[in-house]
Every structure is written in structure tokens, then in C-alpha cells.
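Working through the structure, step by step
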Amino acid sequence: DAGVTQSPTHLIKTRGQQVTLRCSPKSGHDTVSWYQQALGQGPQFIFQYYEEEERQRGNFPDRFSGHQFPNYSSELNVNALLLGDSALYLCASSLKRNSGRVTGELFFGEGSRLTVL
Amino acid sequence: AQSVTQLDSHVSVSEGTPVLLRCNYSSSYSPSLFWYVQHPNKGLQLLLKYTSAATLVKGINGFEAEFKKSETSFHLTKPSAHMSDAAEYFCVVTPLYNQGGKLIFGQGTELSVKP
């Protein structure tokens, strides 16, 4: 059973460029969350997708956007990259919702490490 | 609002000695609390979670944590450290009513284990 898979694992961009990161959730999961982990910091919540809609959002600018596809996979897009966007981007998937709530464990992928020069 | 404070950024122990990683939390709601571990270049793995049942929670790899409401603490312990325990540990809080929603992570504690 494949866990959460993310691609690419590493990438380098320059300031002002745009980037797209991809995530496939664990089999049977339908909710995907994205986190940004700067070097030496704990992960910070970007947003969560369920039923192809953004359900919750953290304190990130509109340059950060996402999408969820009918097969539950997800993309994170970042426009107009800044040096400060350099970080490990983690995707997490959740068990199916029960009565509208997400319960249980979040399963994390190994992340996509973005370097902005 | 919720937050967690990990009281030590780095802890060093000798193999075979006890481990104590400290975490205090703040939450406006009944909290759900977690400890996650992150090995180098790896994703986050759940060690254990508290969801208002037993206050002493047992996790994987011999770790356990005790929820103390009066002290707003959720410290992680292990009786005997192993070399493979060397990693970054994160204390995490989220409202109990929305466990799978936004997680609030602490800054992390790096655990070093000396032979």
C-alpha cells in the first residue's frame, strides 16, 4: 500500500518564477493538507482540500494556491517566488471524513524541497 | 487560539538512559495533542496522540506521554534511549472537534543519542 507520494523531491527556482508541487494521498484518503517547513522550524499549515475545495487556510498570501482533483490528488502552486519561500513542502492525507469531520491520523509524505535563488 | 511551546530546542542523552522531551500547550478548546518524529530527509511519523481518553498515552517504539491539564503539559518520555531515536520531535496541538484539520506545530526538539 503506497503511502503519500510527492513530486518532485527537490527543485531549484529563481525569484519571480512559479512552481507546482504534486501530491498523491494514501489509498482510501480523500483529504489533503499542505504544510511549509522552513529550515529549523516546525511545519506551518498552508491549506486543506476536501471534495475539490479549499476548506481551511493558514496565514499564507494569495500567491499560494492549490487544487484537488477528482482522484483526490492535489497540487500546490506558488507564484512570484521569493527567497523566503525556500522550504520543505509537506503534503499530508487524512482518513475519510465521518459526519463531516476528519478524524484519525494524518499521514505525511517525505516532502518537496524547494530552493529559491 | 492554540499554541505549543517545546521547552528545549536540543536534548542529548546517552544510549540506554531515559528520554524526556518537554511540551506545554495553550488551547481555547479541549485539545487533541500529538507527538510526531522526523528523521533526516524523511516525512513526519506519528508517535502518539491524546484525544481526551486516557491521560497516559502509549505510542510506538516505547514512547509515552502524559496529558496534565493542571500543568498544560504533554511531555514525551522513553525509559531507555536507542541510537535510532536520534531525530527531530514535534509537539502538535489541534482542537479536539477537528483533529484532522489545521495542526499547530511546536518549534521542534532535536534529540541526540550518544553511544
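Just above, that's the structure.
Residues numbered from 1 in each chain as written. Chains lettered and ligands numbered in written order. Predicted model: local features only at pLDDT ≥ 70, side-chain atom pairs only at ≥ 80, totals over all residues. Heavy atoms only, no water.

A look at the interface of chain A and chain B
As a reminder of what qualifies: Residues count as neighbours in contact if any of their non-hydrogen atoms are within 4.5 Å of one another. Defined here as a combined quantity, buried area equals the accessible surface (1.4 Å probe) lost by two parts on assembly, summed across both. Any carboxyl oxygen of Asp or Glu that lies within 4 Å of a side-chain nitrogen of Lys or Arg is treated as forming a salt bridge with it. Any pair of N or O atoms that falls within 3.5 Å is considered a polar contact. Within protein, one atom must be able to donate a hydrogen and the other to accept it, and sequence-neighbouring residues count only if both atoms are side-chain atoms. Note on conventions: DSSP H or I runs of at least 4 residues are helices, E runs of at least 2 residues are strands, and numbering of each starts at the N terminus. Charged residues are taken to be Asp, Glu, Lys and Arg, nonpolar residues to be Ala, Val, Leu, Ile, Met, Phe, Trp, Tyr, Cys and Pro, and polar residues to be all remaining types, Gly included.
The interface is formed by 20 residues belonging to chain A together with 19 residues belonging to chain B. Of the roughly 1,700 Å² buried at the junction of chain A and chain B (both faces included), carbon and sulfur atoms supply 49%. When the buried area of chain A at its contact with chain B is split by residue, P43(A), F108(A) and E110(A) rank highest and sum to 26% of it. On the surface where chain A and chain B come into contact, there are one salt bridge. Among the ionic pairs, K42(B) bridges to E110(A), the shortest N-O distance being 3.8 Å. At the junction of chain A and chain B, the tally comes to four residue pairs in polar contact (both at pLDDT 80 or more). For the side of chain A that touches chain B, the secondary-structure elements that each account for two or more residues are β4 (31-37), β5 (44-50), β9 (87-94) and β10 (106-108) of chain A. Per element, the largest residue contribution to the side of chain A that touches chain B is three residues, and it comes from β9(A). When its residues are assigned to classes, the side of chain A that touches chain B shows eight nonpolar, nine polar and three charged.

Observations concerning the nonpolar core
The condition is simple: Residues belong to a common nonpolar core when they are buried Ala, Val, Leu, Ile, Met, Phe, Trp, Tyr or Cys residues joined through side-chain atoms within 4.5 Å. Whether a residue is buried, partly exposed or exposed follows from its accessible area with a 1.4 Å probe, protein chains only, as a fraction of its type maximum: under 20%, in between, or over 50%, in that order.
In terms of nonpolar packing, the biggest core is built from 27 residues, with W35(B), L48(B), L76(B) and Y89(B) touching the most fellow members. It is strand β10 (residues 87-95) of chain B that provides the largest number of residues to this core, a total of four residues. Residues L11(A), W34(A), F64(A) and L76(A) belong to the second largest nonpolar core, which totals 20 residues.

Remarks on the state of the cysteines
All names here are of chain A. To keep it simple, the criterion reads: Any pair of cysteine sulfurs within 2.5 Å is marked as a disulfide.
As enumerated under the stated definition, the model contains two disulfides over all chains in all. Each sulfur of the disulfide joining C23 and C91 lies 1.8 Å from the other. On the sign convention where negative is left-handed, the bridge of C23 and C91, at about -65° about the S-S bond, is left-handed. In this pair, C23 sits in strand β3 (residues 19-24) while C91 sits in strand β9, placing the two residues 68 residues apart along the sequence.

Quick notes on the packing of aromatic side chains
As a reminder, the rule being used: Each pair of aromatic rings taken from Phe, Tyr and Trp, with Trp reduced to its six-membered ring, is defined by centres within 6.5 Å and is described as stacked if the planes are under 30 degrees apart, edge-to-face if over 60, and tilted in the remaining cases.
For the coordinates displayed, the defined rule picks out 14 aromatic pairs over all chains. Relative to F105(B), the ring of Y35(A) lies with its centre 5.7 Å away and its plane at 75°, an arrangement referred to as edge-to-face. Here F105(B) lies in strand β11 (residues 104-105) and Y35(A) lies in strand β4, a pairing that spans two chains. For Y35(A), a relative accessible area of 0% puts it in the buried group. The exposure class of F105(B) is buried, given its relative accessible area of 9%. Geometrically, the ring pair formed by F108(A) and F105(B) is edge-to-face, given 6.3 Å between the ring centres and 80° between the ring planes. Note that F108(A) is positioned in strand β10 and F105(B) in strand β11, a pairing that runs across two chains. Neither F108(A) nor F105(B) differs from the other in exposure class; each is buried. Counting every residue linked through ring pairs, the aromatic cluster contains Y35(A), F45(A), F108(A), F34(B), Y36(B), F90(B) and F105(B).

A word on the side chain of Q68(A)
Residues and elements named next belong to chain A. Relative to the elements of secondary structure, Q68 occurs in strand β7 (residues 64-68). Judged by relative accessible area, Q68 falls into the buried class, the value being 0%. A polar side-chain atom of Q68 sits 3.1 Å from the main-chain carbonyl oxygen of D30. Polar side-chain contacts of Q68 include one of 3.4 Å to the backbone nitrogen of Y50. The residues contacting Q68, other than those within four sequence positions of it, are D30, V32, Y49, Y50, E51, E52, S73 and S74.

Topic: the environment of T51(B)
Note on placement: T51(B) falls in the loop between β6 (44-50) and β7 (56-58). For T51(B) and P95(B), which are 44 residues apart along the polypeptide, the C-alpha to C-alpha distance reads 9.6 Å.

Some points on the environment of F45(A)
Relative to the helices and strands, F45(A) is located in strand β5. Take F45(A): its relative accessible area is 3%, and that puts it in the buried class. With 25 residues separating them along the chain, F45(A) and T20(A) place their C-alpha atoms 17 Å apart. If near-sequence neighbours (up to four positions away) are discounted, F45(A) is found in contact with S33(A), W34(A), Y35(A), Q56(A), R57(A), G58(A), N59(A), F60(A), K102(B) and L103(B).

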